[in-house]
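# Notes for the structure review
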4 protein chains.
Amino acid sequence: MADILKIGSYQFQSRLLLGTGKFPDLDIQQQAVDASETEILTFAIRRLNIDNPDNPNFLERLDLKKYTLLPNTAGAQTAEEAVRIARLAKASGLCDMIKVEVIGDMRTLLPDPIGTLKATEMLVKEGFIVLPYTSDDPMLARHLIEAGAHAIMPGASPIGSGLGLLNPHYLSFIIEECEGKVPVIIDAGVGSPADVAVAMELGADGVLLNTAVAGAKDPVLMAEAMKLAIQAGRKGYVAGRIPKKRYANASSPMEMMIE
Amino acid sequence: MADILKIGSYQFQSRLLLGTGKFPDLDIQQQAVDASETEILTFAIRRLNIDNPDNPNFLERLDLKKYTLLPNTAGAQTAEEAVRIARLAKASGLCDMIKVEVIGDMRTLLPDPIGTLKATEMLVKEGFIVLPYTSDDPMLARHLIEAGAHAIMPGASPIGSGLGLLNPHYLSFIIEECEGKVPVIIDAGVGSPADVAVAMELGADGVLLNTAVAGAKDPVLMAEAMKLAIQAGRKGYVAGRIPKKRYANASSPMEMMIE
Amino acid sequence: MADILKIGSYQFQSRLLLGTGKFPDLDIQQQAVDASETEILTFAIRRLNIDNPDNPNFLERLDLKKYTLLPNTAGAQTAEEAVRIARLAKASGLCDMIKVEVIGDMRTLLPDPIGTLKATEMLVKEGFIVLPYTSDDPMLARHLIEAGAHAIMPGASPIGSGLGLLNPHYLSFIIEECEGKVPVIIDAGVGSPADVAVAMELGADGVLLNTAVAGAKDPVLMAEAMKLAIQAGRKGYVAGRIPKKRYANASSPMEMMIE
Amino acid sequence: MADILKIGSYQFQSRLLLGTGKFPDLDIQQQAVDASETEILTFAIRRLNIDNPDNPNFLERLDLKKYTLLPNTAGAQTAEEAVRIARLAKASGLCDMIKVEVIGDMRTLLPDPIGTLKATEMLVKEGFIVLPYTSDDPMLARHLIEAGAHAIMPGASPIGSGLGLLNPHYLSFIIEECEGKVPVIIDAGVGSPADVAVAMELGADGVLLNTAVAGAKDPVLMAEAMKLAIQAGRKGYVAGRIPKKRYANASSPMEMMIE
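None of these values were measured; they are calculated from a predicted model.

On to the overall build of chain A, then. Scanning chain A from N- to C-terminus turns up eight helices and 10 strands. Expected size for 259 residues packed as a compact globule is a radius of gyration near 18 Å; at 19 Å, chain A falls within 12% of this value. Seen along its three principal axes, the alpha-carbon backbone of chain A occupies a region of about 80 × 40 × 40 Å. Looking at the 259 residues of chain A, the share that counts as buried comes to 64%.

Right, dumping it as C-alpha cells:
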C-alpha cells in the first residue's frame, strides 16, 4: 500500500513534519530528527543568519539531501514582511516551498487571517509552493484554497501550548473543504502522541509539530513516539473505526450465556 | 530499554491484550492477531465448547505456544457463576490466569462491583492469577487490590461502545492507586488508536480491546494501528510530555523577530 | 405546573440541596441559604457538638421550621461508623433522613462502595430515610436501590474539586436506572451554575452542593446563581431541547435568500 | 446592582437576545418572547416583505415600543449584499443597529471572514451600529474592533446545530480581546440552558439564540429556562467561582473526623 502525501510537486512517505526550534542542543536535535523519520523539516528563516554566513547553523548538522526543507516566515506580522522573508528563502536556494506565518498577536501567536490570505495570494503569484498556517476557520480555508495554497495548515491550538485539538469539529470541516483539492496539515498546539492520533483519525493528511518533541523530557524518545502515532492514526483512519454507541455491544456472543 | 509488563508470574513485551470475539472469519482473526503482535489472547470460556470437543474451535488455528491465554468468565452474572467458569478453564489446562467478568446489566454490560469483588476474593484463594474487569471506581480498585487481584482492568466505557475513555480523571486515580502494586489494563470501550494512546499516556500498563479491531472495516490494518498506538502512547508517557499552557510558547526565538 | 421533588415521605418545591460547611461566617451562611431558596440543608453530624450543647452551633441561626435537615455521616470510614453517627442524629430528634457518607480515601474523598452499600442496608432496616452518597457506578446504584435507598446521590467529581460532571454518560445511566423508582441527586464536585444546569438537563432530580457556594468570592450571589441554574436546567429538561446536528440549520428561511 | 449591557448608545437590563425565526406560530412566538424577558429582537430583513406591505408580518404582533430591533442581513453572501440589505433596514426606520451576516457556506452557515470584515467597515462608515456575526477567530475579532464594530458576535457552533460552545478557549480569548472595548455576544449554536450558562461564565456579555427556543418541544418554557440561565451564568461569573482542583477539598472539617 503506497500511502503517499503529495504537496505541490513533492511526494512524501512520512506524514510527520518536524520543526527545528528549541531543542536542548544540536546532537539531540539530530537524533530526534532521525528517530522521527520525518522527510520535511521546517525552520524560521530568521534563524538562518543568511546575512552572516560565518555563524554556526543548525542546518549544517543535517544531511540536507535526506530532507525537504520547509522554511517559514515566523516573525512576520504583515503580509509584506512574510513575502520579503519568503523571497530571502528562495534566494538562498534552499527550497521553493514556504510556510506562511503572519502572526497577529504575541501572546497567543494566532495567525492573522487577513495578512495570511494576502501573503498567500502574493506568494502563489510569485511561484512559491505555499503552505499557510491558519486558524481553524473553514471559510478562511476556502479563501486560501481559492488563492492557490498548496496545503492548508490549521492550528490545533496556540503554538507550543500543548493543548491539542481545541476544535476537532471545525478541523473536520476544513478537511471536508480541502478534500480532493489540497492536503490538510494540522499545525501547532499538539502536545502528545494521542493528539497526533486524533488529528490523523479525523482525516488530516499530516501533522507538523515542534515543541511537543523539543520540549519533552526525552525529545528523542518522543520523536519516535510521534512517528508511531502518525502511523497509528493514519492506519486507524484508513482501516475504518467502529461507530460509537450509547450502550454496550457484546464481543462474546450472548446466546452462549450461562442459563 | 527493556520495558516489560509483568502480571503475576508472567512477563510480556507487548502491552496490547487482544480479544478473539466477533471477527468476520478465522483467517482474518489470525492475520489480525499476527499484525497486533499481541502476546495475550482473551476469550470467553463459554465459546470453547469444552463439553463438545468435536466442534471446531478458534483456538485450533493459533499457535498456542506463542500466546498466553487469558480466559474470561463472560456470561457470569454472579460471583458463583464466575468461579465455576474459572474452574472449567483451569481444568482444561489452558491457563492459570483468569479475567473475572461478572456482568450486572445486559444493556450496558457494566461489571457488577459486588460480584466482581467476591469472585476475585474466591479465585485468589484458589490460586488463580486474577484480573478483574471492573468499573472506573478507584475505591473498588483498592478493594480488589486488597483482595489480591494481580491486575486491575477498569473499563473505559461500555464493552463494544467505542466511546473511548469516558472518565480519564478517575482512571488516573486508579493508576495512582495501583502504582507499585499491580498493573492497570484499560479494558473495554476503546474505539480507535487515539483512545489507546490516551490510555497509555495516562500511565496505564496496557490496553485490552476486541471490538475496535474485530469490528473495523479492515480488522488486520486496525490491529496494526493498535499495536503502533500502544507503542506511541507508552513511549510518549515515558518520554514525558510538555505541560499544557493557556497561551502560546514560541518555537522560534522571538528576539529574532523582524523589527 | 407543580413540579415536586419527592424523597421518601417528603416533598419539596426546590431541587437545590445546600451544605452548610465552610462559609466565611454565619451571617453570610444565613444570607446564602436565604438566597438559594433551598428547602433541604445538609450538615455533618460531627459538627453539631451534640456532646457539648453549650458550644455555639450553626443551626441556631436558622429558622429550622423552614428547612428539612439532612444530616450526613461525614467522617465515617466504615459502615459501622456511619450507622453509629446516623443513630446519634436520630436520637437528637432533628430528622429521620440521613445522607450516608462512607469515605474510602482522604485525598479523593471518594465513597467506599462496599461500606456505602452495607450502611445503606443497615439504616434502611432501622427505618431511616436513606440517601447514600455514591460513585457514578450504575451497577452500584442498582444495588443501593435494591437495598431500599430512598434516593441515589452520585458524585459528579471529588468533593469540593469544582471539576463538574466528569462522566455525564454514566450519570445518565444512573438516571435511567432510577427512573420510576427513586430520585437522583447529583452530589459533590459541582463548581458553577453551568455544572448545575448540565446535571439537571441530564434528567437529575436535584443537586446537592456546598463548596461551590461557600467558597465563591461572593457566596450570597453564587447561591442565587445556583438557584437560578437549578430552575434553568430543570425547565430546559422539561421543555425538551433541540437535537444536536453536525451541520447548520438555518433559523431564517433559505427560500428568501437574495438571489 | 445595576448590571447593564451597553451596545453603542443603547442600554439593556437583559442579556438575552432572541431571534424570531422558525417558531411554530405567532402566538407561541409572542409568549416565548414574553417569557424570555428579552429586550432585543433579531430578525432577517428579507422576512419583512418590505416590498409588499400588505403581507402579514410577525412584527405586527409585537409591541415594538418594548423592544430594540436588531435586523440582520441573513441571506447575504457578499459584503455588498449585506450593505444593501442594511440600507433597506435603515430606510424602513426600524432601527440603526444592524447584525452583519455574510454567510460563506450553505451547509455550515459559517460566516465569511473577509466579507464580514468588509461589510463591517462599510457600515460603520455609514453610521450604523454594527454587530458582526463572526467566527471564533480572536484575530478576526481584533480586526472587527479596529474597523469600529460596536459588539463582537462569535458563533459558538453552526447556526441551529445545538452543539453548544465548540471552542470555549478561543471564545475566552475573544472576550479578553474585547475587554474594555466592546461587548461580546455569543451567537449561534447554543442548544440548551447549560450552554448559555457556560457562555456567560466565560465572561460573555450576552447570548443571542433562536433555534434552541423556537425548536424546543415547549418553546415558551424553554424561553423562560434561557432567561434564567442567562441570569445564573452572569451572576455566577460576577460571584467568582471556586478554582478547579485535581483532588478533593472537604466541606466538613477533617479535624472533626471520627478517631
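Structure shown, so let's carry the discussion forward.
On to the relation of the copies chain B and chain C. In this arrangement, two copies of a chain are superimposed by a rotation about an axis accompanied by a shift along the axis. Of the two same-sequence chains, chain B is brought onto chain C (RMSD 0.0 Å, axial shift 0.0 Å) by a rotation of 180°. Each copy turns onto its partner about a two-fold axis. Of the C-alpha atoms belonging to chain B, the one lying closest to the rotation axis is found on N167 of chain B, 2.8 Å away.

A separate point is helix 5 (residues 168-178) of chain C. All names here are of chain C. Of all 11 residues in helix 5, nine are buried; the element is thus mostly enclosed. Listed as buried for helix 5 are H169, Y170, L171, S172, F173, I174, I175, E177 and C178. Two residues or fewer after helix 5 comes G180, characterised by a positive phi angle close to 80°.

Taken together, the contact between chain A and chain B spans 66 residues of the former and 66 residues of the latter. In total, about 5700 Å² of surface goes out of reach between chain A and chain B, with carbon and sulfur atoms giving 66% of it. Counting the contacts that link chain A with chain B gives two salt bridges. Note that K235 of chain B is salt-bridged to E224 of chain A, the shortest N-O span being 3.6 Å. The interface formed by chain A and chain B contains 18 residue pairs in polar contact (both at pLDDT 80 or more). Mapped onto the side of chain A that touches chain B, the elements with two or more residues apiece are helix 2 (79-91), helix 6 (193-201), helix 7 (211-214) and helix 8 (219-239) of chain A. When grouped by side-chain class, the residues that make up the side of chain A that touches chain B number 33 nonpolar, 17 polar and 16 charged.

Now for the pattern of salt bridges. Residues and elements named next belong to chain A. All told, the structure shown has 49 salt bridges over all chains when counted by the stated rule. Ionic pairing is found between R142 and E177, a salt bridge with its closest N-O pair at 2.5 Å. Of this pair, R142 sits in helix 4 (residues 138-146) while E177 is found in helix 5 (residues 168-178), placing the two residues 35 residues apart along the sequence. Residue classification places R142 among the partly exposed positions, given a relative accessible area of 22%. Overall, the relative accessible area of 13% leaves E177 in the buried class. Among the charged side chains, a network of salt bridges with common partners joins D3, R15 and R234.

Here the focus is the confidence of the model for chain A. Residues and elements named next belong to chain A. Put simply, chain A has an average pLDDT of 90, and 91% of its residues get 70 or more. Considering only residues more than four positions removed or in separate chains, one finds that residues 254-259, a stretch of pLDDT under 50, has 11 contacts. The complex model carries a pTM of 0.93, and its ipTM stands at 0.92.

Attention shifts here to the interface of chain B and chain C. With 27 residues of chain B at the interface, the matching set in chain C holds 27 residues. By the criterion of area lost to chain C, the three top residues of chain B are I114, M139 and Y170 of chain B, representing 23% of everything that side buries. Our enumeration of links across chain B and chain C arrives at four salt bridges. Summed over the shared surface of chain B and chain C, the result is 10 residue pairs in polar contact (both at pLDDT 80 or more). Listed by contribution, the elements that provide at least two residues to the side of chain B that touches chain C are helix 3 (113-125), helix 4 (138-146) and helix 5 (168-178) of chain B. With five residues, the top contributor of residues to the side of chain B that touches chain C is helix 4 of chain B. Here the residues of the side of chain B that touches chain C sort into 13 nonpolar, seven polar and seven charged.

This next bit is on the pairing of strand 7 (residues 129-134) of chain B. Residue and element names in this part refer to chain B. The buried count for strand 7 comes to six of six residues, which makes it a mostly enclosed element. Here strand 7 shows two buried faces, one formed by I129, L131 and Y133 and the other by V130, P132 and T134. Pairing analysis gives four bridges linking strand 6 (residues 97-100) to strand 7, with the strands arranged parallel. Following the sheet pairing, K99 is matched in strand 7 by L131. Each parallel crossover has a hand, and the one from strand 6 via helix 3 to strand 7 is right-handed. As paired strands, strand 7 and strand 8 (residues 153-154) are joined by two bridges and run parallel to one another. Following the sheet pairing, T134 is matched in strand 8 by P154. The parallel pair strand 7 and strand 8 is bridged by helix 4, and the resulting crossover is right-handed.

On to the relation of the copies chain A and chain B. Under the fitted operation, chain A is carried onto chain B by 0.0 Å of movement along the axis and a turn of 180°, and the coordinates agree to an RMSD of 0.0 Å. Taken as a fraction of all interface residues of chain A, those also at the interface in chain B reach 100%, which identifies the copy contact as same-surface.

Under the feature "active site" (unreviewed entry), the UniProt entry names K99 of chain A. Once you skip the residues sitting within four places of it in the chain, K99 of chain A turns out to touch T42, L70, P71, N72, T73, L131, Y133, M153, D187 and L208 of chain A.

Attention now goes to the packing of aromatic side chains. Under the criterion given, the structure shown has 12 aromatic pairs over all chains. Within the aromatic cluster, the residues linked to one another by ring pairs are Y170 and F173 of chain A together with Y247 of chain C. Of note, K99 of chain A hangs over the ring of Y133 of chain A, and the distance from its end group to the ring centre comes to 5.4 Å. Residue placement shows K90 of chain C over the ring face of F128 of chain C; its charged tip is 4.1 Å from the ring centre.

This paragraph deals with the environment of D34 of chain A. Residues and elements named next belong to chain A. Here D34 shows up in helix 1 (residues 26-36). Relative accessible area serves as the criterion here: at 40%, D34 is assigned to the partly exposed category. When the C-alpha atoms of D34 and A223 are compared, they prove to be 8.4 Å apart, with 189 residues separating the residues in sequence. In this view, D34 contacts K66 and Y67; residues no more than four positions away in its chain are not counted.

Considering the arrangement of structural elements, one finds D3 of chain C in the segment before strand 1 (5-7). A polar side-chain atom of D3 of chain C sits 3.0 Å from a polar atom in the side chain of R15 of chain C.

In this model helix 3 (residues 113-125) of chain A runs 19 Å from its N-terminal to its C-terminal C-alpha over 13 residues, within 8% of the 18 Å that 1.5 Å per residue would give. Those residues of helix 3 of chain A lying buried are P113, G115, T116, L117, A119, T120 and L123 of chain A. Those residues of helix 3 of chain A hidden inside the fold are in contact with helix 2, strand 6 (97-100), strand 7 (129-134) and helix 4 of chain A together with helix 3 (113-125) and helix 4 (138-146) of chain D. Positioned one or two residues after helix 3 of chain A, G127 of chain A has a phi angle of 95°, which is positive.

Residue position: S135 of chain D is located in the loop between strand 7 (129-134) and helix 4. You can call S135 of chain D buried: its relative accessible area is 11%. Within the local environment of S135 of chain D, its side chain forms a polar contact with the side chain of D137 of chain A, the two groups lying 3.2 Å apart. For S135 of chain D, the residues in contact, after removing those within four places along its chain, are D137 of chain A together with P111, L140, P154 and I174 of chain D.

Calculation criteria
- Residues numbered from 1 in each chain as written.
- Chains lettered and ligands numbered in written order.
- Predicted model: local features only at pLDDT ≥ 70, side-chain atom pairs only at ≥ 80, totals over all residues.
- Heavy atoms only, no water.
- Helix = DSSP H or I, 4+ residues; strand = E, 2+ residues; numbered from the N terminus.
- Rg over C-alpha atoms; globule rule 2.2 N^0.38 Å.
- Buried < 20%, exposed > 50% of the residue type's maximum accessible area, 1.4 Å probe, protein only.
- Least-squares fit on C-alpha atoms with pLDDT ≥ 70 in both.
- Contact = heavy atoms within 4.5 Å.
- Buried area = accessible area lost by both parts, 1.4 Å probe.
- Salt bridge = Lys/Arg side-chain N within 4 Å of Asp/Glu carboxyl O.
- Polar contact = N/O pair within 3.5 Å; in protein donor to acceptor, adjacent residues only side chain to side chain.
- Nonpolar A, V, L, I, M, F, W, Y, C, P; charged D, E, K, R; others polar.
- pLDDT = per-residue confidence, 0-100.
- Pairing = 2+ DSSP bridges.
- Right-handed = clockwise from strand over helix to strand, strands pointing away.
- UniProt positions renumbered as here; feature names shortened; annotations may be inferred.
- Phe/Tyr/Trp six-rings, centres within 6.5 Å; stacked < 30°, edge-to-face > 60°.
- Lys NZ or Arg CZ within 6 Å of the ring centre and 35° of its normal.
- Expected span 1.5 Å × (residues − 1).

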